[in-house]
Amino acid sequence: MDCVVTGGNVKVLAKAIHSLSRIGDELYLEPQEDGLALRSVNSSRSAYACFLFSPLFFSRYTIPLGHAFRCKMAIKCVQAVFRSLSSLEKTVEKCHIELDGEKSRLTFTLHCKHGLLKTHNLSFQDSESLQAVFDKESCANMLRAQPRLLVDTVLHFPPSLEEVSVSVSGERVWFRNHVDDEAEQSKAMLTELCLSSDEFDHFAVGAQTSITFCLKELRGLLVFAESTGLPVSMYFDESGSPVVLSVTDSVLEVNFVLATLSDDSNLCNHNNNTKRARSPPPPDDFMTDDIDSYLIAMETSELAGPSDALAPRSPSLERGEEEEEEDTEDTERPPNKKFRSLFFGSVCPSDSQLTNQTIKSQEVLASDSEDDTQASLP
């Protein structure tokens, strides 16, 4: 691959790399016939971003025909090439990018004023294609606004805020800071902004809904959109489905795909109302033992089931089991919201939830001890 970026497009390329640095730690580079694709994804695969620069964006763009090539590298290394964004437009006249697959080297050459050349040789690794599966055109809701409107909106939220909620109705849009249910409501600061449909360039709401997603990635896209002056489009459905933030131009296409919080309150209430006759054993009984001990316990519980049902129980034992049942229900109660993975389409549970799910699916009724069995016999 051999391409040259000139004039103000050098700053656009630098802004794109800085925006991708807010997503993940690695930059995926893929030269294609329809342009150069720069992608990144975070470690939990809940945020994905792609910048596609068409061949018209470059003054020269050549790639080997019939040879697909993909690579990845640390994004901090590429970010260091365009460290000073303010001075790029004033000092850099063009940027020459050359990719050598045999030497596993990506070379950035900055042609500055007064004949000064700055060369950066970066090593890379071969990688598979990175592509999120989404269809933004099928979303029920679509909003398009100028970047200045959205920048002024998110300025009201503190920089430490991690998540923001967006709610839509037929004529209005609400932006709120997201507060966890576990947080103390009396001490939480609530911020809400309401925007009318007249403030948007395009306002199409097919379903009234509310979604919650990370604010960090949105800020990164808004910085890029404001520098280029391109409007930002938002495509989304119900909560739990990804939201797509898009910026499109004749020589550039940007897509940010972010996971949203999934509200599982109905599932939580159903699990809380379901009562079990006997409480399962604590997780440490079988999760920390070897597989042979676990199989022996399963066989013993199956054989001792009838005698356990006929054995009398003292009031103190019944009270102990009731307290244990209440504690188990509290620990097994799932959270009201979970992030949904973009690439796997499944809810990502925590480690404690995985343990509870394993115990629930493998419930074991432990048999009475020999002393209790002999005491029950006449």
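About the criteria used
- Residues numbered from 1 in each chain as written.
- Predicted model: local features only at pLDDT ≥ 70, side-chain atom pairs only at ≥ 80, totals over all residues.
- Heavy atoms only, no water.
- Phe/Tyr/Trp six-rings, centres within 6.5 Å; stacked < 30°, edge-to-face > 60°.
- Buried < 20%, exposed > 50% of the residue type's maximum accessible area, 1.4 Å probe, protein only.
- pLDDT = per-residue confidence, 0-100.
- Helix = DSSP H or I, 4+ residues; strand = E, 2+ residues; numbered from the N terminus.
- Contact = heavy atoms within 4.5 Å.
- Polar contact = N/O pair within 3.5 Å; in protein donor to acceptor, adjacent residues only side chain to side chain.
- Pairing = 2+ DSSP bridges.
- Salt bridge = Lys/Arg side-chain N within 4 Å of Asp/Glu carboxyl O.
- Axes fitted to C-alpha atoms, helices over the stretch in contact; angles between N-to-C directions.
- Parallel < 35°, antiparallel > 145°, perpendicular 65-115°, else oblique.
- Nonpolar A, V, L, I, M, F, W, Y, C, P; charged D, E, K, R; others polar.

Novice: Would you mind showing me how to read the packing of aromatic side chains here?
Specialist: How two aromatic rings sit relative to each other is set out by the distance from centre to centre and by the angle between their planes. Under the criterion given, the structure shown has 9 aromatic pairs. Each ring, one from Phe-58 and one from Tyr-61, has its centre 5.2 Å from the other, and the planes form 20°; the classification is stacked. The burial state of Phe-58 is the same as that of Tyr-61; both residues are buried. Aromatic side chains Phe-200 and Phe-203 sit 5.8 Å apart centroid to centroid with 55° between the ring planes, which places their arrangement in the tilted category. Put simply, the rings of Phe-51, Phe-53, Phe-57, Phe-58, Tyr-61, Phe-224 and Phe-256 touch in pairs and so form one group of aromatic residues.

Novice: How should I be thinking about the confidence of the model for the chain in this particular structure?
Specialist: Do not read the fine detail of predicted coordinates wherever pLDDT is low. Taken residue by residue, the chain gives an average pLDDT of 75. The fraction at 70 or more is 67%. Mean pLDDT across the elements of the chain ranges from a minimum in helix α8 (residues 291-303), with 36, to a maximum in strand β17 (residues 232-236), with 96. The model gives residues 265-325 a pLDDT under 50, and that stretch makes 51 contacts with residues more than four places away or in other chains. Low pLDDT (under 50) marks residues 372-378, which in the prediction has 2 contacts with non-local residues, meaning those over four places away or in another chain.

Novice: Just to check I follow, could you spell out the environment of His-96 for this structure?
Specialist: Topologically, His-96 is positioned in strand β7 (residues 92-100). The residues touching His-96, leaving out its near neighbours within four places in the chain, are Asp-2, Cys-3, Val-4, Arg-60, Thr-107, Phe-108, Thr-109 and His-111. Within the structure, the side chain of His-96 is placed 2.5 Å from the side chain of Asp-2, a separation counted as a polar contact.

Novice: Whenever I open this one, the pairing of strand β9 (residues 117-123) confuses me. Can you help?
Specialist: Within a regular strand, side chains alternate between the sheet's two faces. The pairing of strand β8 (residues 105-112) with β9 spans 7 bridges and is classified as antiparallel. Along β9, the bridge assignment pairs Thr-109 with Thr-119. The hairpin turn running from β8 into β9, its antiparallel successor, is 4 residues long, and His-114 in that turn takes a positive phi close to 65°.

Novice: Just to check I follow, could you spell out the pattern of salt bridges for this structure?
Specialist: For the structure shown, the criterion picks out 7 salt bridges. A salt bridge links Lys-72 to Glu-26; the shortest N-O distance between them is 3.8 Å. Highlighted residues: Lys-72 in strand β6 (residues 71-74) and Glu-26 in strand β2 (residues 26-32), separated in sequence by 46 residues. Of the residues examined, Glu-26 reaches a relative accessible area of 33% and is grouped as partly exposed. The structure contains a network of salt bridges with shared partners spanning Glu-30, Arg-39 and Arg-70.

Novice: Explain the packing of helix α1 (residues 9-20) against helix α5 (residues 215-228) here, please?
Specialist: For any two helices packed against each other, one specifies the inter-axial angle together with the distance between the axes. Two numbers describe how α1 lies on α5: the axes approach to 9 Å, and their chain directions differ by 170°. Considering the angle they form, α1 stands roughly antiparallel to α5. Together, Val-12, Lys-15, Ala-16 and Ser-19 of α1 and Gly-220, Val-223, Phe-224, Ser-227 and Thr-228 of α5 make up the contact between the two elements. Residue composition of the contact of α1 with α5, grouped by class: 4 nonpolar, 4 polar and 1 charged.

Novice: Would you mind showing me how to read the sheet that holds strand β18 (residues 243-248) here?
Specialist: Pairing in this open sheet of 10 strands is antiparallel, and the strands run β10-β6-β2-β3-β4-β19-β18-β17-β11-β15 from one edge to the other. Whereas interior strands pair on both sides, the edge strands pair on one side only; in this sheet they are β10 (125-126) and β15 (202-205). Both strand β3 (residues 35-41) and strand β4 (residues 47-53) contribute to a ladder of 6 bridges, which runs antiparallel. Following the sheet pairing, Ser-40 is matched in β4 by Ala-49.

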